[in-house]
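So you can see what is in the structure, the chains are spelled out below.
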Amino acid sequence: MAVRGFSVPNWDLAPQGISQVLKTTGETASSMEGYAKSFGEHLQSAAASAGTISAEGGGGGEQAGGLVALALSQYAEKAAKELQFVAARAGKSLTGAVEATTAYLNGDLEMAAQAQRRALQVPELDMPGVGKA
């Protein structure tokens with residue numbers, strides 16, 4: 001079935017099953033915050049333990065930072081953005097699934113198709129301090 005240029009499959013939904021899947025998925029997605037925090041703490045610990053690398057080859061742990069710590073910091077910055085994107089995508093997907101299911105149950109296929117389109121859009125992130133020099 002096509003609704004305004006968007007293909008909607010012949011759906012046969014079981015609301016109880018959908019509710020259980022959304023609950024489980026939501027619980028899993030909410031635990032991502034704890035994983036991200038732990039990831040950051042482990043990276044900080046690794047950077048602090050990495051010591052330094054000097055041109056003279058001393059490599060002692062006396063100085064803070066160093067090339068390895070810098071590399072870990074840069075990696076953490078990039079990974080943080082990607083983790084935020086995954087979390088935002090998961091949130092939009094869950095919201096879209098709830099809206100599409102609600103629309104289906106209410107018999108509104110157009111609303112269900114719109115909810116699917118919104119869930120597939122790329123999330124916009126407003127991250128403080130990113131891109132500002």
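Residues numbered from 1 in each chain as written. Predicted model: local features only at pLDDT ≥ 70, side-chain atom pairs only at ≥ 80, totals over all residues. Heavy atoms only, no water.

**A look at the overall build of the protein chain**
Helices and strands together make up the secondary structure of the protein chain, namely four helices and two strands. When the elements of the protein chain are put in sequence order from the N terminus, they spell out β-β-α-α-α-α. Residues classed as buried in the protein chain amount to 18% of the 133 residues present. Residue pairs at least 24 apart in sequence account for 68% of intrachain contacts in the protein chain once pairs closer than 6 positions are excluded. Accessible surface computed for the protein chain: about 9400 Å², of which carbon and sulfur atoms make up 57%. (Helix = DSSP H or I, 4+ residues; strand = E, 2+ residues; numbered from the N terminus. Buried < 20%, exposed > 50% of the residue type's maximum accessible area, 1.4 Å probe, protein only. Contact = heavy atoms within 4.5 Å. Areas by Shrake-Rupley, 256 points an atom, 1.4 Å probe, with all protein chains shown as cover.)

**Regarding the packing of aromatic side chains**
Within the structure shown, the criterion is met by one aromatic pair. Ring geometry for Phe39 against Tyr75: centres 6.1 Å apart, planes inclined by 70°, an arrangement best described as edge-to-face. Highlighted residues: Phe39 in helix 2 (residues 32–49) and Tyr75 in helix 3 (residues 67–105), separated in sequence by 36 residues. (Phe/Tyr/Trp six-rings, centres within 6.5 Å; stacked < 30°, edge-to-face > 60°.)

**Details of the pattern of salt bridges**
Across all of its chains, the model carries four salt bridges by this definition. For Glu77, the salt bridge goes to Lys81, with nearest N and O atoms at 4.0 Å. Separated by four residues within a single helix, Glu77 and Lys81 lie in helix 3, roughly one turn from each other. Residues Glu99 and Arg118 are paired through a salt bridge, measuring 2.9 Å at the closest nitrogen-oxygen approach. (Salt bridge = Lys/Arg side-chain N within 4 Å of Asp/Glu carboxyl O.)

**As for a nonpolar patch on the surface**
A surface patch of nonpolar side chains, about 330 Å² in accessible area, is lined by Phe85, Val86, Val122 and Leu125. When its relative accessible area of 31% is taken as the criterion, Phe85 is described as partly exposed. (Patch = residues over 30% accessible without salt bridge, like charges linked within 9 Å, V, L, I, M, F, W, Y side chains within 5 Å.)

**Overview of the environment of Pro15**
Positionally, Pro15 belongs in helix 1 (residues 15–30). Under the relative-accessibility criterion, Pro15 is labelled partly exposed at 32%. Distance in space between the C-alpha atoms of Pro15 and Thr101 is 7.6 Å, their sequence separation being 86 residues.

**Description of the confidence of the model for the protein chain**
In this model, the protein chain carries an average pLDDT of 78, and 77% of its residues clear a pLDDT of 70 or more. Mean pLDDT values for the elements of the protein chain range from 51 in strand 1 (residues 2–3) up to 87 in helix 1. (pLDDT = per-residue confidence, 0-100.)

**Re the environment of Met127**
Within the secondary structure, Met127 sits in the segment after helix 4 (109–120). In this view, Met127 contacts Lys81 and Gln84; residues no more than four positions away in its chain are not counted.

**A short note on the side chain of Thr101**
Mapped onto the fold, Thr101 is located in helix 3. Judged by its relative accessible area of 13%, Thr101 is buried. Only 2.7 Å separates the side chain of Thr101 from the backbone oxygen of Ala97, close enough to count as a polar contact. (Polar contact = N/O pair within 3.5 Å; in protein donor to acceptor, adjacent residues only side chain to side chain.)

**A short note on the packing of helix 2 against helix 3**
Remark: helix 2 packs on helix 3, axes separated minimally by 10 Å, with the N-to-C direction vectors making an angle of 175°. When the interaxial angle is binned, helix 2 and helix 3 end up roughly antiparallel. Across the interface between the two elements, Met32, Ala36, Phe39, Leu43, Ala46 and Ala47 of helix 2 pack against Ala69, Leu72, Tyr75, Ala76, Ala79, Leu83, Val86 and Ala87 of helix 3. (Axes fitted to C-alpha atoms, helices over the stretch in contact; angles between N-to-C directions. Parallel < 35°, antiparallel > 145°, perpendicular 65-115°, else oblique.)

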